[in-house]
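The residues making up each chain are set out below.
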Amino acid sequence: MEYKTKDFLLQINEGAFTDTTEYGHLSKRQKLDRKFNLSILQHDLMLLDDVAAHRGISRAELLNSMLYNAFVSSLEELPADARAFFAKHADEKVTWNRNTVPWSADLYGSAGREQMERELEEKPHSREYQTVLRAVTERVPARGPLPLSSQTNPSRVLYVSVRPEPKLCAMLELIQIIDRRFLEREIPAELKKIILSSPEFIPLVARTTERILERCKPDAKSVLGQLIARGVIGLEPVGQ
């Protein structure tokens, strides 16, 4: 599919956009209660806001949905004892009601709490478990996120307030103990998954890229810059 701008012929590889239901429903959640700071490339923020507008939701709602998916993927990759520990202590931080689902149920299904307790009864061995256990029991504060690489042009980095819902906030506090760059790494990664999740995002990608091209080429470290490097988006100067 091609889109012609003033200076470029924009070509998008339609085959890279595949249908999936993972991001089809971005639900509204309960009131938020804590703020975190996210450093994000300006071009990624433009794309994120365009995705939110396309779905008819706020930036905050989109970020909450992205955080949830990032947490589930990350927790499933942890050793069993660490995963159970994260779920148990995040659940203990939140006041639950009939409209919310504990992490134990999200990760283990209907037998969530029983399976989680069985995994915690086993002798803890993972580095992640020991690190978070020490932080929780000795009340060591979670470390904040690190800034993006010093090689990144500071003028292209924006700082955005993120207010996760209580369930996500509880998990983020724990995860940042072992991964200070979780937000900076996972939000762009989830954004890339979203826009490649369906061909419906092809016109959106084209419009956002066109807006950026009015001033400069997309930052090489941004999501759009990565898609250009991979050949998903082709930029061909007009008249050549």
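Cut-offs used in this document
- Residues numbered from 1 in each chain as written.
- Predicted model: local features only at pLDDT ≥ 70, side-chain atom pairs only at ≥ 80, totals over all residues.
- Heavy atoms only, no water.
- Helix = DSSP H or I, 4+ residues; strand = E, 2+ residues; numbered from the N terminus.
- Buried < 20%, exposed > 50% of the residue type's maximum accessible area, 1.4 Å probe, protein only.
- Contact = heavy atoms within 4.5 Å.
- Areas by Shrake-Rupley, 256 points an atom, 1.4 Å probe, with all protein chains shown as cover.
- pLDDT = per-residue confidence, 0-100.
- Core = buried A, V, L, I, M, F, W, Y, C linked by side-chain atoms within 4.5 Å.
- Salt bridge = Lys/Arg side-chain N within 4 Å of Asp/Glu carboxyl O.
- Expected span 1.5 Å × (residues − 1).
- Phe/Tyr/Trp six-rings, centres within 6.5 Å; stacked < 30°, edge-to-face > 60°.
- Pairing = 2+ DSSP bridges.
- Axes fitted to C-alpha atoms, helices over the stretch in contact; angles between N-to-C directions.
- Parallel < 35°, antiparallel > 145°, perpendicular 65-115°, else oblique.
- Nonpolar A, V, L, I, M, F, W, Y, C, P; charged D, E, K, R; others polar.

(A) Local environment of the overall build of the chain. A tally of helices and strands in the chain yields 10 helices and 5 strands. Buried residues in the chain amount to 48% of all 240 residues. Expressed as a percentage of contacts within the chain between residues at least 6 apart in sequence, the contacts between residues at least 24 apart total 82%. Carbon and sulfur atoms make up 47% of the accessible area of the chain, which amounts to about 12,600 Å² in all.

(B) How the structure looks around the confidence of the model for the chain. Taken over all residues, the pLDDT of the chain has a mean of 81, while the share at 70 or more is 85%. Here strand β1 (residues 2–4) is the element of the chain with the lowest mean pLDDT, 77, and helix α1 (residues 42–55) is the one with the highest, 95. The low-confidence segment residues 24–32, where pLDDT is below 50, has 19 contacts with residues more than four positions distant or belonging to other chains. Confidence drops under a pLDDT of 50 for residues 144–155, and excluding neighbours within four residues, the segment shows 25 contacts in the predicted structure.

(C) Molecular detail of the nonpolar core. Within the largest apolar cluster, 67 residues are counted, with the highest numbers of intra-cluster contacts made by Phe17, Phe71, Trp103, Ile187 and Ile195. Among the elements that line this core, the one with the most residues is helix α2 (residues 59–76), at 9 residues. When sequence neighbours within four positions are dropped, the list of residues in contact with phenylalanine 71 reads Trp103, Leu168, Met171, Leu172, Ile175 and Phe182.

(D) The arrangement of the pattern of salt bridges in detail. Under the criterion given, the structure shown has 13 salt bridges. For glutamate 173, the salt bridge identified is with lysine 93, shortest N-O distance 3.3 Å. In this pair, glutamate 173 sits in helix α7 (residues 166–178) while lysine 93 sits in the loop between α3 (80–92) and α4 (103–108), placing the two residues 80 residues apart along the sequence. In this structure lysine 93 comes out as partly exposed when scored by relative accessible area, which is 47%. In this structure, lysine 167 and aspartate 106 form a salt bridge, with 2.3 Å as the shortest nitrogen-oxygen distance. Placement of the pair is lysine 167 in helix α7 and aspartate 106 in helix α4, with a sequence separation of 61 residues. The exposure class of aspartate 106 is partly exposed, given its relative accessible area of 28%. Among the charged side chains, a network of salt bridges with common partners joins Lys88, Glu92 and Glu117.

(E) Spatial organisation of α2. Spanning 18 residues, α2 covers 26 Å between terminal C-alpha atoms, matching the ideal 26 Å at 1.5 Å per step. Among the 18 residues in α2, 14 count as buried, and that is most of the element.

(F) Quick look at the packing of aromatic side chains. Applying the stated criterion across every chain yields a total of 4 aromatic pairs. Here phenylalanine 71 and phenylalanine 182 contribute two aromatic rings whose centre-to-centre distance is 5.2 Å and whose plane-to-plane angle is 15°, an arrangement assigned as stacked. With phenylalanine 71 in helix α2 and phenylalanine 182 in helix α8 (residues 182–195), this pair connects stretches of sequence that are 111 residues apart. Each of the two residues, phenylalanine 71 as well as phenylalanine 182, counts as buried.

(G) Just the sheet that holds strand β5 (residues 233–237), in detail. On the basis of which strands lie adjacent, the open sheet formed by 3 strands has the order β1-β2-β5 and antiparallel pairing. The strands lining the two open edges of the sheet, one partner per strand, are β1 and β5. On average, each strand axis in the sheet is inclined to that of its neighbour by 20°, with strand direction left out of account. Both strand β2 (residues 8–12) and β5 contribute to a ladder of 5 bridges, which runs antiparallel. Within β5, the position partnered with leucine 10 by the bridge is leucine 235.

(H) Quick peek at helix α9 (residues 202–213). Relative to the 16 Å expected for 12 residues at 1.5 Å per residue, α9 spans 16 Å between its end C-alpha atoms, a close match to the ideal helical length. Of all the residues in α9, the buried ones are Ile202, Leu204, Val205, Ala206, Thr208, Thr209, Ile212 and Leu213. Contacts from the buried residues of α9 go to β1, β2, α1, α8, α10 (223–229) and β5.

(I) Highlighting the environment of arginine 230. Inspection of the secondary structure assignment puts arginine 230 in the loop between α10 and β5. If we skip the residues at most four places from it in the chain, arginine 230 touches Lys192 and Leu196.

(J) The arrangement of the packing of α2 against α8 in detail. Look at α2 against α8: their axes get within 9 Å of each other, and the N-to-C directions meet at 105°. When the interaxial angle is binned, α2 and α8 end up roughly perpendicular. Of the residues in α8, those in contact with Leu62, Leu63, Met66, Leu67, Asn69, Ala70, Phe71, Ser73 and Ser74 of α2 are Phe182, Leu183, Glu186, Ile187, Glu190, Leu191, Lys193 and Ile194. By residue class, the composition of the contact of α2 with α8 is 11 nonpolar, 3 polar and 3 charged.

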